[in-house]
Amino acid sequence: MSGIKKKKFKINGKDFICSLNEPFLYDLLKTFLKEKVTENHKIAVAVNNVLVEKKKWKKKKIFYDDKIEIVTPFFGG
Amino acid sequence: MESDELKLDGEKFKSRLIMGTALFPNIDILNKSLKSSGTEIITLAIRRLNLTNNDSFLAQIEKKYKFLPNTAGCFTKKEAILTAELARETLETHWIKLELISDKEMLLPDPIELFDACKDLIKKKFKVFAYCSDDPVLCKRLEDLGCEAVMPLVSPIGSALGVRNEHNLEIIRKMCSGNIFVDAGIGKPSDVVKIMELGFDGVLLNSSVARSLNPVEMSEAMKLAVLSGRKGFNSGTIEKSKLALGSTSFKGKISNF
C-alpha cells in the first residue's frame with residue numbers, strides 16, 4: 001500500500017477521483033489529461049471560479065472537492 | 001483615393017466584415033466561407049475541453065485570422081468576466097466580444113449587467129466589443145465608457161429578421177463617433193447594404209451565412225454587400241424628397257400640343 005489517499009475533484013462538472021502525490025494543480029491536470037499537458041496546449045483553467053494562470057499551475061495547491069474548469073477555444077459566433 | 005481602412009485597437013483592417021465560426025455544416029465549408037468572405041477577424045467561443053473530441057478548434061482553422069473570443073451564453077457579470085479572463089489566458093488576446101444575455105428564448109442582451117461588466121473589463125485592460133440592444137443612449141454610454149466597439153443588434157440573434165428599427169440605427173450613428181458594428185439579426189445581403197449605407201463601421205454575422213444553402217457563396221455575397229454599402233455611404237447618398245425631381249431637363253423640349 002502506498003498510503004496515498006484518493007481524492008475527489010469536480011472537473012468540468014463531473015467527479016474525478018484520483019491519487020495524487022502532490023496536491024498541486026499541474027499534477028492533477030497531468031493526470032486528467034493523461035500526461036498531455038504541454039506549453040502549447042491551448043487551454044485555460046479556473047479553480048473555484050477563479051482563473052489560475054498557466055505559470056502558476058505548478059504552485060497552485062488544490063483541495064478535496066475543488067471545482068475545476070478546463071476550457072479551450074471552440075466554434076462560436 | 002483616401003484610405004478607408006477600419007481601425008481597431010490601433011490595428012488597421014481592410015475588411016469590415018467580422019465572421020462567426022459556429023453552425024457551419026463542416027470545417028471545410030467553414031474555412032472556404034471565411035476565405036470567400038475576405039474577413040480578417042473571426043469570433044470564437046470558450047468552452048469546456050472535451051477529451052473525446054480530438055479535433056481542436058485551433059488545429060482546424062487557418063492561423064491568419066485575428067481572434068475575437070466571445071462570452072456567449074453568459075447570464076451574469078461574474079460568468080462573463082471569468083470567461084473573458086479564460087479567453088485572454090488561452091488565446092493571449094485582450095479583445096473580448098462581451099455578450100451578456102437576459103433570457104434563453106430571445107437571447108436579448110441584458111443592458112444593466114452588460115454596462116457593469118464593461119466597466120470592470122475595461123479596468124482589467126480588456127478591449128471590449130459590447131454586444132447590446134439598439135438603444136441609442138445605451139450605445140452612447142458604452143462608447144463613453146471606453147468600449148473598443150459598440151455592437152447593437154438589429155433583431156434577435158439568428159432570427160434573420162433584418163433591420164427592424166432603422167431610425168434607431170440612424171440615431172446611434174449620429175450620437176456615436178467611434179466604431180459601431182451591427183452584430184445580430186442580419187438575414188440577407190440587402191440588410192448589410194442598408195446598415196453600411198447608414199455609416200456603420202462594419203457588421204458581424206454568422207447564422208445568415210452558416211445556415212444558408214450555400215455558405216461559401218453567401219459569404220462572398222455578404223462581402224460584396226459590405227463593400228457596396230460602404231462605397232454608397234462614402235459617396236454621399238442624395239436626400240429624399242416627397243416630390244418628384246426629374247432628371248431630364250424640360251429645357252429644349254418640343255412645344256406642348
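Treat the numbers as computed from the prediction; the structure is a model and nothing was measured.

How each quantity is defined
Residues numbered from 1 in each chain as written. Chains lettered and ligands numbered in written order. Predicted model: local features only at pLDDT ≥ 70, side-chain atom pairs only at ≥ 80, totals over all residues. Heavy atoms only, no water. Helix = DSSP H or I, 4+ residues; strand = E, 2+ residues; numbered from the N terminus. Buried < 20%, exposed > 50% of the residue type's maximum accessible area, 1.4 Å probe, protein only. Pairing = 2+ DSSP bridges. Axes fitted to C-alpha atoms, helices over the stretch in contact; angles between N-to-C directions. Expected span 1.5 Å × (residues − 1). Phe/Tyr/Trp six-rings, centres within 6.5 Å; stacked < 30°, edge-to-face > 60°.

> So, unusual backbone geometry: which residues are in play, and what are the values?
All names here are of chain B. A positive phi angle, close to 70°, is found at Leu 23, a residue other than glycine. By secondary structure assignment, the location of Leu 23 is in the loop between strand E3 (17–19) and helix H1 (27–37). Phi is positive for Glu 92, close to 55°, though the residue is something other than glycine. When its relative accessible area of 67% is taken as the criterion, Glu 92 is described as exposed.

> If you had to explain the sheet that holds strand E7 (residues 127–132) of chain B to someone new, which residues and values would you point to?
Residue and element names in this part refer to chain B. Taken in spatial order, the 3 strands line up as E6-E7-E8 in an open sheet, and their pairing is parallel. Every interior strand has two partners, whereas the edge strands, strand E6 (95–98) and strand E8 (149–152), have only one. With strand direction ignored, the average angle separating the axes of adjacent strands in the sheet is 15°. Two strands pair when backbone bridges link them, and E6 and E7 are joined in this way by 4 bridges, in the parallel orientation. Within E7, the residue paired with Leu 98 across the bridge is Ala 130.

> A description of helix H3 (residues 77–91) of chain B should follow, citing residues and the corresponding values.
Residues and elements named next belong to chain B. Given a rise of 1.5 Å per residue, 15 residues ought to cover 21 Å, and the 21 Å separating the end C-alpha atoms of H3 matches this to within 8%. Most of H3 sits inside the fold, with 11 of its 15 residues counted as buried. Within the sequence span of H3, burial applies to Ala 80, Ile 81, Leu 82, Thr 83, Ala 84, Glu 85, Leu 86, Ala 87, Glu 89, Thr 90 and Leu 91. One or two steps after H3, the chain reaches Glu 92, where phi turns positive at roughly 55°.

> Explain the packing of aromatic side chains to me, using residue names and the numbers behind them.
Applying the stated criterion across every chain, the model contains 6 aromatic pairs over all chains. Taking 5.1 Å as the distance between ring centres and 85° as the angle between the ring planes, the aromatic pair formed by A:Phe16 and A:Phe32 counts as edge-to-face. In this pair, A:Phe16 sits in strand E2 (residues 14–19) while A:Phe32 sits in helix H1 (residues 25–32), placing the two residues 16 residues apart along the sequence. Of the residues examined, A:Phe32 reaches a relative accessible area of 14% and is grouped as buried. Ring centres of A:Phe75 and B:Phe57 lie 4.9 Å apart, and the angle between their planes is 80°; this geometry places the pair in the edge-to-face category. Separated into two different chains, A:Phe75 in strand E5 (residues 67–75) and B:Phe57 in helix H2 (residues 57–60) make up a pair that spans both. Ring pairing ties together the aromatic residues A:Phe74, A:Phe75, B:Phe57 and B:Phe67, which thus form one cluster.

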